[in-house]
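Survey of secondary and tertiary structure
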Amino acid sequence: MLSLHDKVVAITGASGGIGEATARLLAGRGAAVVLAARRGERIDAIARDIRKEGGRAAACVVDVTRAEDLRRLVSTTIDEYGRIDVLVNNAGVAPISPLADLDTEGWSAMIDVNLRGMLNGVAAVLPVFREQGAGHLVSIVSVAGLHGASPTMAVYAATKNAVRTVHEGLRTESTDGVVRTTAISPGYIRTDLADSMTDPHIREQTRKHMDAAGIPPAAVARAVAFAIEQPADVEVGEINVRPTVQA
């Protein structure tokens with residue numbers, strides 16, 4: 001496997017959880033990282049921590065539902081470090097509930113952030129990857145829906161599986177070796193994802209599962225690093241990361 005010292009990586013949803021853990025791990029292994037999220041003060045603080053530890057890090061306030069924000073993230077990354085090697089699409093929300101609740105606002109939020117946000121990233125970075133002659137798209141998906149959507153998770157699973165389908169489509173369009181794609185699907189990871197769940201019962205149950213069986217976000221960060229570290233002619237298409245005790 002190759003060193004990360006020559007890699008420049010932009011990460012959405014980097015203000016906490018998997019995104020923050022990925023930024024810290026990659027920077028610790030020598031990559032230059034640009035943290036993107038809506039919480040500007042938080043990503044600024046994380047970037048400062050990384051720099052204090054000798055790493056290279058910048059921050060960019062981004063709302064992934066806004067295509068212009070993703071374009072600005074890409075241009076900021078190039079202005080700061082001269083190129084962008086990897087875009088990690090990590091931003092996601094999960095206001096899950098039974099379909100019968102008709103939470104159409106929650107459905108729209110999941111479509112806009114989980115799917116449209118990823119597509120906005122593709123639209124912003126793909127032309128740059130093509131111009132550079134190389135690039136790597138990594139998306140944090142979910143084990144939800146791998147074997148059929150669980151109760152209350154139909155729309156969430158649908159958005160995540162749509163991302164997986166887009167990844168496969170991009171892979172088949174990129175067999176010239178220019179663009180690599182990796183979809184990483186976590187199970188129960190101890191993050192604040194439950195905070196986006198509007199149903200109080202589901203939110204509490206999810207937190208209990210995460211506390212009882214969840215594994216640290218660093219487990220997913222290591223999977224991201226593994227995929228990025230591969231030689232240019234090796235593509236790790238999909239990785240599932242779940243606790244050993246998760247059904």
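Notes on the structure in this doc start here. As a convention, each chain's residues are numbered from 1 in the sequence order in which they are written. Totals for whole chains, interfaces and linings use all residues, but because this is a predicted model, local features are given only for residues with pLDDT of at least 70 and pairs of side-chain atoms are given and counted only at 80 or more. In computing side-chain properties, one takes all heavy atoms of the structure into account and sets aside hydrogens as well as water.

Here the focus is the pairing of strand 4 (residues 86-89). Every second residue of strand 4 is oriented toward a common face, with Val86 and Val88 on one face and Leu87 and Asn89 on the other, all of them buried. Examined bridge by bridge, strand 1 (residues 8-12) and strand 4 share three bridges and lie parallel to one another. Residue pairing for strand 4: isoleucine 11 is matched across the bridge by valine 88. Where strand 4 lies against strand 5 (residues 135-140), four bridges are found, and the strand directions are parallel. Across the sheet, residue valine 86 finds its bridge partner in strand 5, namely histidine 136. Handedness of the strand 4-helix 4 (residues 104-132)-strand 5 crossover: right-handed. Working definition: with a 1.4 Å probe on protein chains only, accessible area under 20% of the residue-type maximum means buried, over 50% means exposed, and in between means partly exposed. Strands are runs of DSSP state E lasting at least 2 residues, helices are runs of H or I lasting at least 4, and numbering of each runs from the N terminus. The pairing criterion is simple: DSSP has to find at least two bridges between the two strands. We call a crossover right-handed when, viewed with the strands running away from us, the connection from the first strand over the helix to the second turns clockwise.

An α-helical segment advances 3.6 residues per turn. Residues three or four places apart therefore align on the same side. How far a helix is expected to stretch is found by multiplying one less than its residue total by 1.5 Å. Relative to the 18 Å expected for 13 residues at 1.5 Å per residue, helix 2 (residues 40-52) spans 18 Å between its end C-alpha atoms, a close match to the ideal helical length. Inspection of helix 2 places Gly40, Ile43, Ile46, Ala47 and Ile50 among the buried residues, and these make up the whole buried set. All buried residues of helix 2 fall inside an arc of 130° around its axis, so they share one side. Within helix 2, the exposed residues directed more than 90 degrees away from the buried face are Glu41 and Lys52. Working rule for contacts: check all heavy atoms of both residues, and any pair within 4.5 Å makes them a contact. Lining the buried residues of helix 2 we find helix 1 (17-28), strand 2 (32-37) and strand 3 (56-61). The directions considered for the arc run from the helix axis to the C-beta atoms.

Below, the discussion takes up the nonpolar core. The nonpolar core is taken to be a set of buried Ala, Val, Leu, Ile, Met, Phe, Trp, Tyr and Cys residues, with the residues joined through side-chain atoms within 4.5 Å. Grouped together as the largest cluster of nonpolar side chains are 37 residues, with contacts concentrated most on Val62, Leu73, Ile84 and Ile96. Mapped onto this core, the elements with two or more residues apiece are strand 2, strand 3, helix 3 (67-81), helix 4, helix 5 (154-172) and strand 6 (179-186). With nine residues, the single largest contributor to this core is helix 4. Apart from residues no more than four positions distant in its own chain, valine 62 is found in contact with Ala36, Ala37, Arg38, Asp69, Leu70 and Leu73. Counting 34 residues, the second largest nonpolar core, distinct from the first, contains Ala14, Ile46, Ala47 and Val220.

Attention now moves to the pattern of salt bridges. Just to be clear on terms, a salt bridge is a Lys or Arg side-chain nitrogen sitting within 4 Å of an Asp or Glu carboxyl oxygen. This structure, assessed with the given rule, holds twelve salt bridges. Among the salt bridges present, the one from aspartate 69 reaches arginine 66, with a minimum N-O distance of 3.3 Å. A salt bridge links aspartate 112 to arginine 116; the shortest N-O distance between them is 3.1 Å. A residue pair is termed a helical-turn pair when its members lie 3 or 4 positions apart in one helix, as aspartate 112 and arginine 116 do in helix 4 at four residues. Overall, the relative accessible area of 42% leaves arginine 116 in the partly exposed class. Salt bridges sharing partners connect three or more residues here, namely Glu20, Arg24, Arg42 and Asp49.

Take the environment of alanine 21 next. Tracing the chain through its elements places alanine 21 in helix 1. Sequence-wise, alanine 21 and valine 62 are 41 residues apart; in three dimensions their C-alpha atoms are separated by 18 Å. Residues contacting alanine 21, with those up to four places away along its chain left out, are Pro217, Ala218 and Ala221.

Further remarks concern the pairing of strand 2. Looking down a regular strand, the side chains alternate between one sheet face and the other. With six of its six residues buried, strand 2 lies for the most part within the structure. Taking every second residue as pointing to the same face, both faces of strand 2 are buried, with Ala32, Val34 and Ala36 on one and Val33, Leu35 and Ala37 on the other. Bridge analysis of strand 1 against strand 2 gives five bridges, and the strand direction is parallel. Along strand 2, the bridge assignment pairs isoleucine 11 with leucine 35. Handedness of the strand 1-helix 1-strand 2 crossover: right-handed. Of the strand pairs in this sheet, strand 2 and strand 3 are connected by six bridges, and their pairing is parallel. Its bridge partner being in strand 3, valine 33 is matched across the sheet by alanine 57. Taken together, strand 2, helix 2 and strand 3 constitute a β-α-β crossover, and its handedness is right-handed.

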